[in-house]
Amino acid sequence: MNYLPKRLTNRANRRSFIKKGLAAAGAATAGSVLLASPEDHSGKLTKGDAAILRFLAAAEILETDFWVQYNELGGIPDSEVPGGSGNPTYTAALKVLDGDMDQYIHDNTEDEFTHQNFINAYLASKGAATVNLEQFRTLPGSTATGSSGILRLTNLMQLTLDTSWWTRYRSRANNPDLDPGFTFPQAIPGLAGGQFPAIPRSNADLSPDAHIQAIANTAGFHMPTIEQGGNSLYPSLAQRVTHSEVLRILLSIGPTETAHFQTWQDKAGNAPPLTDPTNGLVFPDLNSPPFGGEDFQTNLIMPEPCPFLSRKLPVCSIIRPTETKGAAKGALKFLTAMGLFIGQSQEFFAFLGDLAEDADEARRGGQ
Ligand SMILES: [Fe+2]
Ligand SMILES: [Fe+2]
């Protein structure tokens, strides 16, 4: 068995973090197995299935954390999604995108809680180690009225967004899996070139009107940006799970991420064109030149068909990308690049990197 020596020689330093993190998980969750040998992480699951589920559990914990921040300020805090008390000015700005934004934010937040809880509970039910990120809850969040003021895992106040998914899903000619070098144009180029808050950082961000609207617009584009990532991650990882029940979990949660993406893409298209007077961030009119046409038109919210697997086959309306190689590390890179973890520790990145690396080592039919 070369598993242990490989870890000890190549990745000894980083592996010490995963042990710390998993041990914390074990302490917090009855039934978790502590770490006498690598196989003990997996319980009755294969090593690969447990690793994929653990990476997804971590991703869902992080998703839950930032959705809670949206719900505290712009959603509907209640017994289903507790925390915070709402910020009327931010909520009103979000409602410019859709009168039901607060309800949708609430429901998306509740979904993420159930994803993280279910995956961890399933791991525990199979005797596998679960994921607990509480040791990394160190980031100060918003101080605006309505925020609970608790410490956070994620940062919604310095986002840099890649909104090229907008044109990727409208392209009939290109698929990132077939054309890895192809650059899909950004919907909101300004969001890719700076750091922008998606929630009011403090009450100072609640005016002038065009500034808080720009913050709501940034949220409006952040929500689909992140949910389209989840909507690719599940089918990408599903290709490497072994047991049919684990496959069923991925195939059943993944499409709810797609439902989130579809909803938020529609709302993003309603973000009013404006320029933020405080920082110059521009939300252009996507229906007029130099934008407009099928690549930008805001009511095209379903995937256009594109080449899939081979250009010898007919085009197909699909989720893209779904390449499985390196999918977990790619997802972590995507989340990191958007600034979601600005302020987190080296230990945090090492732990998440370990989880992603283990998930990407999983092979279908593995032990
Ligand atoms: Fe989720
Ligand atoms: Fe989601």
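Coordinates for the structure precede this section.
Residues numbered from 1 in each chain as written. Chains lettered and ligands numbered in written order. Predicted model: local features only at pLDDT ≥ 70, side-chain atom pairs only at ≥ 80, totals over all residues. Heavy atoms only, no water.

Draft legend 1. Structural view of the coordination of the iron ion (ligand 2). For the iron ion (ligand 2), the protein coordination sphere consists of Glu63 (OE), Glu112 (OE), Glu227 (OE), Glu227 (OE), Glu257 (OE) and His260 (ND1), at 2.0 to 2.8 Å. With six donor atoms in place around the iron ion (ligand 2) and angles of 51 to 161 degrees between them, the coordination shape is irregular. A separation of 3.5 Å is found between the iron ion (ligand 2) and the iron ion (ligand 1), both of which receive a donor from Glu63. Taken together, the positions of Glu257 and His260, both in helix 8 (residues 244-268) and three residues apart, correspond to about one turn of that helix. As far as the burial class goes, Glu257 and His260 line up, both buried. (Donors = N, O, S within 2.8 Å, 3.2 Å for Na, K, Ca; no water. Tetrahedral: all angles 85-135°; square planar, octahedral: opposite > 155°, others 65-115°. Helix = DSSP H or I, 4+ residues; strand = E, 2+ residues; numbered from the N terminus. Buried < 20%, exposed > 50% of the residue type's maximum accessible area, 1.4 Å probe, protein only.)

Draft legend 2. Quick peek at the packing of helix 7 (residues 209-238) against helix 9 (residues 327-337). Where helix 7 contacts helix 9, the axes come no closer than 10 Å and their chain directions differ by 170 degrees. One element, helix 7, and the other, helix 9, form an angle in the roughly antiparallel class. Across the interface between the two elements, Thr225, Ile226, Gln228, Gly229, Leu233, Ser236 and Leu237 from helix 7 touch Ala327, Ala328, Ala331, Phe334 and Leu335 from helix 9. Looking at the contact of helix 7 with helix 9 residue by residue, the class counts come to eight nonpolar, four polar and no charged. (Axes fitted to C-alpha atoms, helices over the stretch in contact; angles between N-to-C directions. Parallel < 35°, antiparallel > 145°, perpendicular 65-115°, else oblique. Contact = heavy atoms within 4.5 Å. Nonpolar A, V, L, I, M, F, W, Y, C, P; charged D, E, K, R; others polar.)

Draft legend 3. Broad picture of the coordination of the iron ion (ligand 1). The protein atoms that coordinate the iron ion (ligand 1) are Glu60 (OE), Glu60 (OE), Glu63 (OE), Glu112 (OE), His115 (ND1) and Glu257 (OE), at distances spanning 2.0 to 2.5 Å. What the six donor atoms of the iron ion (ligand 1) show is an angle range of 56 to 165 degrees at the metal, which sorts the shape as irregular. Mapped onto the polypeptide sequence, the residues donating to the iron ion (ligand 1) form the spacing pattern E-x2-E-x48-E-x2-H-x141-E.

Draft legend 4. Summary view of the pattern of salt bridges. Here the structure, examined in full by the defined rule, presents 11 salt bridges. Note that Lys267 is salt-bridged to Asp266, the shortest N-O span being 3.1 Å. (Salt bridge = Lys/Arg side-chain N within 4 Å of Asp/Glu carboxyl O.)

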